[in-house]
Amino acid sequence: HRRRCAAEPQREGGLLGSKMPGIIEEALVAYTYVGVWIGMSAGVILYNKYILTVFGFPFPVALTMIHMAFCSALAFVLVRVLGVVKGINMSRETYIAKIVPIAGLFAVVLWMGNTAYVYLSVAFIQMVKALMPCVVYTVGCIFKVEKYKKETMMNMAVIALGVGIASYGELNFNLTGFMLLMGSIACEAVRIVSIQMLLTSADIKLNSVTTLYYVSPACFVFLLAPFAFIEAPRFASGTEDVNFNPAVLGSNAALAFALNISVYLLIGKTSALTMNVAGVIKDWMLIFISSVMFDAPISSLQLWGYLLAFAAVCYYNYQKYLERVAAEAAKGAGGKAVKLDDKEASGGIEMTKQITVNGNAVPNSKP
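Bear in mind the structure is a predicted one, so any value in this text is a computation, not a measurement. (Residues numbered from 1 in each chain as written. Predicted model: local features only at pLDDT ≥ 70, side-chain atom pairs only at ≥ 80, totals over all residues. Heavy atoms only, no water.)

Some thoughts on the side chain of Ser291
Logical step 1: Relative to the elements of secondary structure, Ser291 occurs in helix α10 (residues 272-293).
Logical step 2: Not counting chain neighbours up to four residues away, the residues in contact with Ser291 comprise Leu286, Ala296, Pro297 and Ile298. (Helix = DSSP H or I, 4+ residues; strand = E, 2+ residues; numbered from the N terminus. Contact = heavy atoms within 4.5 Å.)

Structure below.
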């Protein structure tokens, strides 16, 4: 009996030892994907800013349309031609009722969001976007998809206060750019809530590639309106010195598509908490790198304001993480799972928002 008991720890130790290389390998692969996502996400933002303000192509709508056309074409190849990514069965009526409204909101988000980069610094835009949970929560309460909680609203008020301080401390504040950015954030909040109401409720699940396949073409069509009335006359006038370099614009679109592919490959490789942390690292990297690259100074008051908003957002994300863990535990114990309002990744469409705007999307991952 003692001999058998002595052998059991040895077997357990051997089993654990045999699993360790696999665990380490999986961790290395996961964090490599995370690193690639951070690099590509930040790269799309900086590349877009460079093209719009330095390179000589100050046409955000046209740039977004190039992204949409490029990504739509490659998504079609992956889904319909090569069959690498499986599409979903969707009727024309469902597409018009569920996808087209979201694509319209998406087009407005892209139009205003990209245009804001012409007027504002990347660092300031990243800081103001800390306001997103506040706007999403408020819109969610209005549409009755979020439950109003006094504690949560107080947390949102702290975030808003921090963003307000950061805005007051912005050295190169531009009202036009700020209003465009706030409009983009507001439309994005409505879009996220619409995804929950239109797609999640109908159990329509789109990953990052199928989102491009279904949403990007409609988004391209919607963008034709602002392009025709705002940017096309500027092109036709010939008064502006436009640097139209197919290699630069094509590589920019390719980077945007590669970002979406990295999101697709990352799904299931890591947790939502890890991606939250990765997003925080990316935001801080962007703030300081963009400040140096584009000579956009950051005031100490601005940093203190963003730190306040940042701390409140971290607390909010931590509370959402605890809710998610509790729901999974309840589900695993055979209880009734709690319905979560995860605004970080409301289906695959949320992942693609930043592909043409600013690379900030947090992939939908299993906790």
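Considerations on the packing of aromatic side chains
Logical step 1: In total, this model carries 15 aromatic pairs according to the counting rule given.
Logical step 2: Relative to Phe244, the ring of Phe57 lies with its centre 6.1 Å away and its plane at 55°, an arrangement referred to as tilted. Remark: Phe244 occurs in the loop between α8 (208-237) and α9 (246-266) and Phe57 occurs in the loop between α1 (2-55) and α2 (60-81); sequence separation between them is 187 residues.
Logical step 3: The exposure class assigned to Phe57 is buried, which follows from its relative accessible area of 1%.
Logical step 4: Judged by its relative accessible area of 51%, Phe244 is exposed. (Phe/Tyr/Trp six-rings, centres within 6.5 Å; stacked < 30°, edge-to-face > 60°. Buried < 20%, exposed > 50% of the residue type's maximum accessible area, 1.4 Å probe, protein only.)

Things to note about the environment of Val277
Logical step 1: Tracing the backbone shows Val277 in helix α10.
Logical step 2: In this structure the C-alpha to C-alpha distance between Val277 and Asn317, which are 40 residues apart in sequence, comes to 9.9 Å.

As for the nonpolar core
Logical step 1: Within the largest apolar cluster, 51 residues are counted, with the highest numbers of intra-cluster contacts made by Ile51, Phe57, Val128, Ile159, Val163 and Leu181.
Logical step 2: With residues up to four places along the chain from it excluded, the contact list for Ile51 reads Gly56, Phe57, Pro58, Leu63, Val248, Leu249 and Asn252.
Logical step 3: With 27 residues, the next largest nonpolar core counts Val85, Ile99, Phe106 and Ile204 among its residues. (Core = buried A, V, L, I, M, F, W, Y, C linked by side-chain atoms within 4.5 Å.)

A look at a nonpolar patch on the surface
Logical step 1: Residues Phe76, Val77, Val81, Leu82 and Val84 make up a contiguous nonpolar surface patch of about 450 Å² in total accessible area.
Logical step 2: Here Leu82 shows up in the loop between α2 and α3 (92-119).
Logical step 3: Residue class for Leu82 comes out exposed when judged on its relative accessible area of 56%. (Patch = residues over 30% accessible without salt bridge, like charges linked within 9 Å, V, L, I, M, F, W, Y side chains within 5 Å. Areas by Shrake-Rupley, 256 points an atom, 1.4 Å probe, with all protein chains shown as cover. Salt bridge = Lys/Arg side-chain N within 4 Å of Asp/Glu carboxyl O.)

So, unusual backbone geometry
Logical step 1: Phi at Lys144 takes a positive value of approximately 65°, unusual for a residue other than glycine.
Logical step 2: Within the secondary structure layout, Lys144 lies in the loop between α5 (132-142) and α6 (150-168).
Logical step 3: Accessibility expressed as a relative area gives 73% for Lys144, which makes it exposed.

Some remarks on α2
Logical step 1: Here α2 is 22 residues long and its end C-alpha atoms lie 31 Å apart, about the 32 Å a rise of 1.5 Å per residue gives.
Logical step 2: Just downstream of α2, Gly83 is the residue with a positive phi angle, here 70°. (Expected span 1.5 Å × (residues − 1).)

Some remarks on the environment of Tyr214
Logical step 1: With respect to the helices and strands, the residue Tyr214 is situated in helix α8.
Logical step 2: On the basis of relative accessible area, Tyr214 is assigned to the buried category, the value being 8%.
Logical step 3: The spatial distance from the C-alpha of Tyr214 to the C-alpha of Ile88 is 9.8 Å, given a sequence separation of 126 residues.
Logical step 4: Among residues more than four places away in sequence, those in contact with Tyr214 are Gly87, Ile88, Met90, Tyr95, Ile99 and Leu206.
Logical step 5: Among the polar contacts made by the side chain of Tyr214, one reaches the main-chain carbonyl oxygen of Ile88 at a distance of 2.7 Å. (Polar contact = N/O pair within 3.5 Å; in protein donor to acceptor, adjacent residues only side chain to side chain.)

Remarks on α5
Logical step 1: By the criterion of burial, α5 is predominantly enclosed, with nine of the 11 residues buried.
Logical step 2: Those residues of α5 that fall on the buried side of the exposure criterion are Met132, Pro133, Cys134, Val135, Val136, Tyr137, Val139, Gly140 and Cys141.
Logical step 3: In this structure, the buried residues of α5 make contact with α6, α7 (175-200) and α11 (300-332).
Logical step 4: Trailing α5 by a residue or two, Lys144 shows a phi angle of about 65°, which is positive.

Some thoughts on the pattern of salt bridges
Logical step 1: What the rule picks out here adds up to five salt bridges.
Logical step 2: Residue Glu323 pairs with Lys149 through a salt bridge whose shortest N-O separation is 3.9 Å. A residue pair is termed long-range when its members are at least 10 positions apart, and Glu323 in helix α11 and Lys149 in the loop between α5 and α6 qualify at 174 residues.
Logical step 3: The class of Lys149 is partly exposed, set by a relative accessible area of 36%.
Logical step 4: As a salt-bridge pair, Glu240 and Arg234 come within 2.7 Å of each other at their nearest N and O atoms.
Logical step 5: Take Arg234: its relative accessible area is 26%, and that puts it in the partly exposed class.

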